[in-house]
Amino acid sequence: MQINDEIARRRTFAIISHPDAGKTTLTEKFLLYGGAVQLAGSVGARKNQRAATSDWMELERKRGISISSTVLQFDYAGYRINLLDTPGHKDFSEDTYRVLTAVDAVVMVIDAAKGIESQTRKLFEICRRRGVPIFTFMNKLDRPTLEPLVLLDQLEEVLGISAFAMNWPLGTGPAFKGVFERLGKQVHFFERTSAGAYRAPVSIHDLSDPLVREKLSDDVYLNVVEELGMLDAAGASFDQEAVLAGKLTPVFFGSAVNNFGVQLLLDAFLAHSTPPRARVAGETPVNPDDPNFSGFVFKIQANMDPRHRDRIAFVRVCSGKFTRDMAVTHVQSGKRVRLSSSHKLFGQERETIDEAFAGDVIGLVGHAGFGIGDTLTEEPSLVFDEIPRFAPECFAYLHATATSQSKRFREGLEQLLQEGVVQQFQIKDSSQRAPLLAAVGPLQFEVVQYRLESEYGAESRLESASWELLRWVSPETPASTLAELSLPSGAKLAYDAKEQPAILFPSEWSLRYFEKQHPSIRLADVPFKKDGETQRVAAAV
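Every value quoted in this text rests on a predicted model; they were computed, and no experiment measured them.

**Focus on the overall build of the protein chain**
A count of helical and extended segments in the protein chain gives 14 helices and 31 strands. Counting across all 541 residues of the protein chain, residues that qualify as buried make up 58%. When the accessible surface of the protein chain is totalled, it reaches about 22400 Å², and 48% of it is carbon and sulfur.

Given below as structure tokens:
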């Protein structure tokens, strides 16, 4: 294939949701339909299944949640799909945000019984700020739910995005019989399968078909006809351009655990989402079909496979063609590097990959100098500025509990800091020798302790710190001013890993008091660039 043909068939996306909305289940079912796994859920002995799930870390399996982000690549209906699986716990980390910089679209999963929840709102806001197309899947229709019209209203009122129902449920809960596909004018009947293990059987009919009237009660049928009439008369119209601009979300109804509606979602997503689009490096647009290879590192993960104990840098390809053993410039160091150990990822599994195109995600092994946000390119003048940093909300000191494990503790912590699991700060004139760690959510501290012990053999003890907020100080502020700065009680001056000054505040009141007392000092909840401007992507709300 020509490079443009390869790019056109790429789809790179993530699934976002509030915990327990069904994200991991939907991920698994996409793999089922893509032929990447043969069975899903609880049917069949595990020994007869391929390693299907994206949750690979032992802590994830114990807790039943996704903690780290993984990459799953598979082919379906002529498309090459890169599915980035994001963490699904309430204390999500910057890892989630970073993944959203590497995708071209997202699928937002909503529990139809609960509607829009807090984490959904946070993740949606990140996507909206980036103008990422959003497709919505209303899940668990086989259980009692909110009224479908109420769910659409929530999308428009709570999230502020127009919504177009691509299909419409025929009843909910025990009365759920299927969906009506609005653009195709067809009814898809719902049939339960054994634990949702195989592709859901579907029978297709027109809404006026006598069989449809026979399967639906009079109340359900009349209600569906009335609701569809309301949508046709007063609802949003389907607009492909508005979808790609992130202003209109196509909405699908179904039940991921039973596979119902999954293929309708997947087929429509592939048809209406976008192949890789141009990225921006500084002020320079970088088109996917640019002949020069370029990409950026959005994630680093060590010890994914205990058999290898190595370090993988995940790279989103932005332009050109990647070929194994090619030489590129690592912009941050200025060095030429050869990319010889390149892999295609499927959760924990990996296989050597010889080529990749814009939209693909590749894993590069053995490059200790690569950091999150780094640019790899055949055109050394390009520098991608895709990776945001966010103000942490949780702080703690981490102590090594055994002197004999000090070296392993330091090495393990250094690796985890490179991965961006947590941030580290140094408090000015502090007598505390233990590192001060900072995270978006407290579960990240548990991840650090677990991985230090399981991967590096170093036990640790966590000591909570009392700060609640952190704000970076503009680099325009003179060092002499910082040295003489009068801070509110409990506030401390600190420096991040890049020696950028920041202030730790014990409360919102303390922050507001400081701002009132020092109106000339600029603070920000994201780091400043050297020119005094903040990053292009703002912090999450």
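Having seen the structure, we can now continue with the description.
**Quick notes on the packing of helix H2 (residues 23–33) against helix H10 (residues 262–272)**
Between H2 and H10, whose axes approach to 10 Å, the crossing angle comes to 75 degrees. Viewed along their axes, H2 and H10 adopt a mutual orientation that is roughly perpendicular. Between H2, through Leu26, Lys29, Phe30 and Tyr33, and H10, the contact on the second element is made entirely by Val262, Gln263, Leu265 and Leu266. Counted by class, the contact of H2 with H10 contains six nonpolar, one polar and one charged residues.

**Some remarks on the pattern of salt bridges**
Tallied over the full model, the rule gives 18 salt bridges. Here Arg10 and Glu6 are joined by a salt bridge, their closest N and O atoms 2.3 Å apart. For the pair shown, Arg10 and Glu6 are each scored as buried. Residues Glu125 and Arg129 are paired through a salt bridge, measuring 3.4 Å at the closest nitrogen-oxygen approach. Of this pair, Glu125 and Arg129 both sit in helix H5 (residues 118–130), four residues apart, which is roughly one turn of the helix. Beyond isolated ion pairs, a larger network of salt bridges with shared partners links Glu6, Arg9, Arg10 and Asp360.

**Some points on the nonpolar core**
The nonpolar side chains of a soluble globular protein tend to be buried, and buried together. Grouped together as the largest cluster of nonpolar side chains are 63 residues, with contacts concentrated most on Leu84, Leu100, Met138, Leu155, Phe253 and Phe298. For this core, the element with the most residues is helix H8 (residues 218–234), which contributes five residues. If we skip the residues at most four places from it in the chain, Leu155 touches Met108, Ile110, Ile116, Thr136, Met138, Gly160, Ile161, Ala163, Thr249 and Val251. Core analysis: the next-biggest nonpolar cluster, separate from the first, contains 31 residues, Val109, Met166, Ala242 and Ala256 among them.

**What about the pairing of strand E22 (residues 361–365)?**
Each regular strand displays side chains that alternate between the two surfaces of the sheet. Most of E22 is tucked away, with five of its five residues classed as buried. Side-chain alternation along E22 places Val361, Gly363 and Val365 on one buried face and Ile362 and Leu364 on a second face that is also buried. Here five bridges tie strand E15 (residues 311–319) to E22, and the two strands are oriented antiparallel to one another. The residue bridging Val315 from the neighbouring strand is Ile362, located in E22.

**What to know about the environment of Val315**
As for its position among the elements, Val315 is in strand E15. In this structure the C-alpha to C-alpha distance between Val315 and Val297, which are 18 residues apart in sequence, comes to 4.4 Å. Those residues in contact with Val315, other than ones at most four positions away along the chain, are Gly295, Phe296, Val297, Phe298, Asp360, Val361, Ile362, Leu364 and Leu376.

**Notes on the sheet that holds strand E26 (residues 436–439)**
Across the sheet, eight strands lie side by side as E27-E24-E26-E25-E29-E30-E28-E31; this open sheet has antiparallel pairing. Taken across any chain shown, the strands that pair with only one partner, and hence form the sheet edges, are strand E27 (460–464) and strand E31 (523–524). Those strands touched by helix H12 (residues 443–456) are strand E24 (394–400), E26 and E27, and its axis lies near 20 degrees from that of E24.

**Concerning the packing of aromatic side chains**
Evaluated as defined, the whole model comprises 14 aromatic pairs. Between Phe13 and Phe269, the ring centres sit 4.5 Å apart and the planes meet at 50 degrees, which makes this aromatic pair tilted. Residue Phe13 is found in strand E1 (residues 10–17), and its partner Phe269 is found in helix H10; the two are separated by 256 residues along the sequence. Neither residue differs from the other here; Phe13 and Phe269 are each classed as buried. Consider the rings of Trp509 and Tyr513, whose centres lie 5.3 Å apart with planes at 15 degrees: the pair is stacked. Here the residue Trp509 and the residue Tyr513 both occupy positions in helix H14 (residues 508–517), the gap between them amounting to four residues, near one helical turn. According to the relative accessible area criterion, Trp509 is exposed, its value standing at 61%. Cluster of aromatic residues (ring-pair linked, three or more members): Phe13, Phe30, Phe135 and Phe269. The side chain of Arg213 reaches across the aromatic face of Tyr221, ending 4.0 Å from its centre. Across the ring face of Phe189, the terminal group of Lys215 is positioned such that the distance to the ring centre comes to 4.4 Å.

What counts and what doesn't
Residues numbered from 1 in each chain as written. Predicted model: local features only at pLDDT ≥ 70, side-chain atom pairs only at ≥ 80, totals over all residues. Heavy atoms only, no water. Helix = DSSP H or I, 4+ residues; strand = E, 2+ residues; numbered from the N terminus. Buried < 20%, exposed > 50% of the residue type's maximum accessible area, 1.4 Å probe, protein only. Areas by Shrake-Rupley, 256 points an atom, 1.4 Å probe, with all protein chains shown as cover. Axes fitted to C-alpha atoms, helices over the stretch in contact; angles between N-to-C directions. Parallel < 35°, antiparallel > 145°, perpendicular 65-115°, else oblique. Contact = heavy atoms within 4.5 Å. Nonpolar A, V, L, I, M, F, W, Y, C, P; charged D, E, K, R; others polar. Salt bridge = Lys/Arg side-chain N within 4 Å of Asp/Glu carboxyl O. Core = buried A, V, L, I, M, F, W, Y, C linked by side-chain atoms within 4.5 Å. Pairing = 2+ DSSP bridges. Phe/Tyr/Trp six-rings, centres within 6.5 Å; stacked < 30°, edge-to-face > 60°. Lys NZ or Arg CZ within 6 Å of the ring centre and 35° of its normal.

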